[in-house]
Amino acid sequence: MMMDLLLSFEQAGQNLLGAAWLPLWTLVKIVLIVAPIMGAVAYTTLAERWVIGWIQIRIGPNRVGYFGLLQPIADGLKLLMKEIIIPTGANKFLFILGPILALMPALAAWAVVPFNAEMVLSNVNAGLLYILAMASLGVYGIIIAGWASNSKYAFLGALRSAAQIVSYEIAMGFALVCVLMAAQSMNLGDIVNGQKGHYGALNWYFIPLFPMFIVYFISGVAEANRAPFDVAEGESEIVAGFHVEYSGMAFALFFLAEYANMILISFLTSIMFLGGWLSPVPFLPDSIVWMLAKAVFVLFLFLWFRATFPRYRYDQLMRLGWKVFIPLSIIWVVVVGAWMQTPLWVW
Amino acid sequence: MNFLDIVFYVFAAITVFAAMGVITSRNPVNAALFLVLAFCSSAGIWMLLEAEFLAIVLVLVYVGAVMVLFLFVVMMLDINLVRLREGFWRWFPFGAGIAGLMVFEMIYVLGARQTSDTVHAVTHGADYSNTKELGRLLYTDYVYPFELAAVLLLVAMVAAIALTLRRRAGLKTQSISEQVQVQAADRVRIVKQMSAEGTDSATRK
Amino acid sequence: MEKIKFYFKTFLLVELLKGLALTGRYLFARKITVQFPEEKTPQGYRFRGLHAQRRYANGEERCIGCKLCEAVCPALAIKIEVAEREDGTRRTTQYDIDLTKCIFCGFCEESCPVDAIVETRIFEYHGEKKGDLYYTKPMLLAVGDKHEAQIARDRADDAKYR
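Since this is a predicted model, take the numbers as computed values, not measurements.

1. Regarding the overall build of chain B
Helix and strand counts for chain B stand at nine helices and zero strands. Split into buried and exposed, the 205 residues of chain B put 18% on the buried side. Long-range contacts, defined as pairs at least 24 residues apart, comprise 58% of the intrachain contacts of chain B with a sequence gap of at least 6. In the structure as shown, chain B presents an accessible area of about 17,000 Å², 66% of it carried by carbon and sulfur atoms.

Written out as structure tokens, the structure is:
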């Protein structure tokens, strides 16, 4: 019913606008994806303050609007009003480009993320690779911002985070290699469909690929520069890392990028390992609601981690990436490869 | 001139502009960033040729990893531009000779191929997976060259590490794995201490 | 055996899960935040807030200008000028407390021989411009007049411990 309406609407548009229709319609779809993400980002900041408050037996924001629901809007307005200060000796163009480059890949990656069997902006075959490529681009915003600020702390933060992201990307990539071996496809929609079965949640990839599920999620936390891997910011060591010199909306863009990355990784974790929009029990229908519920759960884990774990020391963090995660994920690639050749592989 | 042609010329123009930027910009960081832009736009051109695997891998490997490490080094360098420029004219004939040779080679290679309007890249249906085909070729017809290249890279990697690894005597370093494996029992001993009668602050008058 | 157990514990992230369980429990714990303007924490009768000057029941001000408080004040926040009144008594012509200097130690109150200067339970006061927190004698007397009942009650409660 909904689909028919959409199709007839598309047909009418095509007749009306001709060749201009496709780019226009794509733009509309992009806005339809990005606008809710931005809203979700805003409310993730509020949720974070609530969850961390509750864990610290506080109440959290509850003054602006009912239960503090207008708090993100107030924060956003505050940041909009503030002046953007460009430090002396900074490279002006790159200084402004930094935050934009930080946010851009975090949003661009959503192009291939399916929300349910039909809802996906671009159903490309190399979706998984595209996601990895976008994730690896995120580091540019940070490294450019850190260098262009002409500040020692910002530069140190940028170097730390660049090294961290490049290291954890490898483990993340190998974890995803296991997924694509299991699904035999790099299309995110096919990966979810590969987890379909008669046993609901037991068919999902997090069971055969459990170590990779953990590695992927922890690498995701490191990739998003979130606690306990937030050495790039490291308030107690290097003030605020790569965004020390940023104020106002330029700072807000970094903030948005961090949370957009968190939400992206939550969605990807639920697509790759938790069955996406598939229902966990066989007697309930598959729907986008499951997808959102899983993503919210993973997002909650991010906040829970931040409230629980103290920050990693930098050398220990590098050790975890190179000496634990990468060997572990390479071993598991071999294990999954061998396992798939045996009849014991039932996924 | 259809939509794809326009996209191609836009990407080509950006690539040429960025490539010019790489060699003309004075600041090495800017040059490296121009190179990143050149990689990205050539990935776009490959995408137009339906080589999506190569395009994305170009972004993933070169832009996402190699150039980051490049920038890493370049940013930490303190480059003296004046020293860099001296001897320009001395080396100019040498550089010009190499450039001329490369131009000749490229004309020779590209000119030999038929490049008329009738030749187009092969187009495939939407369900055609470039990645799958590439993988199949690499692991069947070209498996030996592929494995050879892999071994070569491994040897180069080991050699690079072996050449740069230096152990100085008397260097004090931390052993992280030892630190991580410490358990509470190794560090803390909990002692049950009885408070003597009459000295407890609560009982003191 | 110990070593094997340790490796299992490390790889299964037992300690991390313990930590998560602890914070997870606190997620549902009763919150201890005091919602300030609506809720307030209880105050004791020894609370040291805004200063006040008291009067005797007949309306005569207590302060005799002995300057003990000025002398004892560690923050040098008190300034006193003294003169003889028409009836021959020693009275202050100026008694100022700079609340921006005051550290609310309560020494002035302790040193006062006639219980003239006291600290009240008031702590929610503010100044909107420079000098608003410089309290002069009439202002201190006005605070005392307004809260005399509460001040007297607090002194009476505290008296048995002195």
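The rest of the description comes next.
2. Structural notes on the interface of chain C and chain A
If you look at the interface, chain C gives 16 residues, while chain A gives 15 residues. Both faces combined, the contact of chain C with chain A buries some 1,400 Å², and carbon together with sulfur accounts for 73% of it. Our count for the chain C to chain A interface comes out at one salt bridge. The closest approach of N and O atoms between Glu38 of chain C and Arg63 of chain A, which form a salt bridge, is 3.2 Å.

3. Here's the deal with the packing of aromatic side chains
Summed over the entire model, instances satisfying the criterion amount to 28 aromatic pairs over all chains. Ring geometry for Phe217 of chain A against Phe302 of chain A: centres 5.2 Å apart, planes inclined by 75°, an arrangement best described as edge-to-face. In this pair, Phe217 of chain A is assigned in helix 8 (residues 210-223) and Phe302 of chain A in helix 11 (residues 288-308), connecting sequence segments 85 residues apart. Grouping residues by exposure puts Phe217 of chain A and Phe302 of chain A together as buried. With centroids separated by 5.3 Å and ring planes inclined at 70°, the aromatic side chains of Phe8 of chain B and Tyr9 of chain B adopt a geometry described as edge-to-face. Judged by relative accessible area, which is 33%, Phe8 of chain B ranks as partly exposed. Each member of the aromatic cluster is reached from another via a ring pair, and the members are Trp204, Phe206, Phe210, Phe213, Tyr216 and Phe273 of chain A.

4. What about the packing of helix 4 (residues 92-108) of chain A against helix 10 (residues 248-272) of chain A?
All names here are of chain A. For the pair helix 4 and helix 10, the least separation of the axes is 8 Å and the interaxial angle reads 20°. Comparing their axes, helix 10 and helix 4 come out roughly parallel. Helix-helix and strand crossings are classified by hand; for helix 4 and helix 10 the assignment is left-handed. On helix 10, the residues touching Gly98, Pro99, Ile100, Ala102, Leu103 and Ala106 of helix 4 are Ala250, Leu253, Phe254, Leu256, Ala257, Ala260, Asn261 and Leu264.

5. What about the pattern of salt bridges?
With the rule as written, the count across this model stands at 21 salt bridges over all chains. Here Asp87 of chain C ties to Arg85 of chain C by a salt bridge, and the two come within 3.0 Å at their closest N and O atoms. With a relative accessible area of 24%, Arg85 of chain C lands in the partly exposed category. When salt bridges that share partners are traced, they join Glu48, Arg226, Glu258 and Arg306 of chain A into one network.

6. Description of the state of the cysteines
With the rule as written, the count across this model stands at zero disulfides over all chains. Cysteine Cys105 of chain C shares no disulfide, and the gap to the nearest cysteine sulfur, in Cys73 of chain C, comes to 6.1 Å.

7. Observations concerning the interface of chain B and chain A
Contacts between the two partners involve 30 residues from chain B and, on the opposite side, 27 residues from chain A. On the surface where chain B and chain A come into contact, there are zero salt bridges. Our enumeration of links across chain B and chain A arrives at three residue pairs in polar contact (both at pLDDT 80 or more). At the level of secondary structure, the elements contributing two or more residues to the side of chain B that touches chain A comprise helix 2 (28-48), helix 3 (52-76), helix 6 (130-139) and helix 8 (176-180) of chain B. Of the residues forming the side of chain B that touches chain A, the biggest block, 14 residues, is contributed by helix 3 of chain B. Residues belonging to the side of chain B that touches chain A are distributed by class as follows: 19 nonpolar, eight polar and three charged.

8. Side note on the nonpolar core
Judged by nonpolar contacts, the single largest core of 127 residues is most densely connected at Trp110, Tyr140, Leu188, Leu209, Met272 and Phe273 of chain A. Residue contributions to this core peak at 16 residues, all from helix 6 (residues 152-183) of chain A. Beyond its immediate sequence surroundings of up to four residues, Met272 of chain A is in contact with Leu128, Leu176, Val179, Leu188, Ile191, Gln195 and Tyr205 of chain A. Residues Ala77, Ile78, Ala116 and Tyr135 of chain C belong to the second largest nonpolar core, which totals 22 residues.

9. Describing helix 3 (residues 71-81) of chain A
Residue and element names in this part refer to chain A. For helix 3, the complete set of buried residues consists of Gln71, Pro72 and Leu79. Buried residues in helix 3, looked at end-on, bunch into an arc of 100°, giving them a common side. With respect to the buried face of helix 3, the exposed residues turned more than 90 degrees away are Leu80 and Met81.

10. Side note on the environment of Ala175 of chain A
Residues and elements named next belong to chain A. One can find Ala175 in helix 6. Taking the C-alpha atoms as reference, Ala175 lies 27 Å from Glu48; in sequence the two are 127 residues apart. Among all residues touching Ala175, those that are not within four sequence positions of it are Met212, Tyr216, Phe273 and Ser329.

Thresholds applied
Residues numbered from 1 in each chain as written. Chains lettered and ligands numbered in written order. Predicted model: local features only at pLDDT ≥ 70, side-chain atom pairs only at ≥ 80, totals over all residues. Heavy atoms only, no water. Helix = DSSP H or I, 4+ residues; strand = E, 2+ residues; numbered from the N terminus. Buried < 20%, exposed > 50% of the residue type's maximum accessible area, 1.4 Å probe, protein only. Contact = heavy atoms within 4.5 Å. Areas by Shrake-Rupley, 256 points an atom, 1.4 Å probe, with all protein chains shown as cover. Buried area = accessible area lost by both parts, 1.4 Å probe. Salt bridge = Lys/Arg side-chain N within 4 Å of Asp/Glu carboxyl O. Phe/Tyr/Trp six-rings, centres within 6.5 Å; stacked < 30°, edge-to-face > 60°. Axes fitted to C-alpha atoms, helices over the stretch in contact; angles between N-to-C directions. Parallel < 35°, antiparallel > 145°, perpendicular 65-115°, else oblique. Left-handed = near helix turned anticlockwise from the far one by under 90°. Disulfide = S-S within 2.5 Å. Polar contact = N/O pair within 3.5 Å; in protein donor to acceptor, adjacent residues only side chain to side chain. Nonpolar A, V, L, I, M, F, W, Y, C, P; charged D, E, K, R; others polar. Core = buried A, V, L, I, M, F, W, Y, C linked by side-chain atoms within 4.5 Å. Arc of directions from axis to C-beta.

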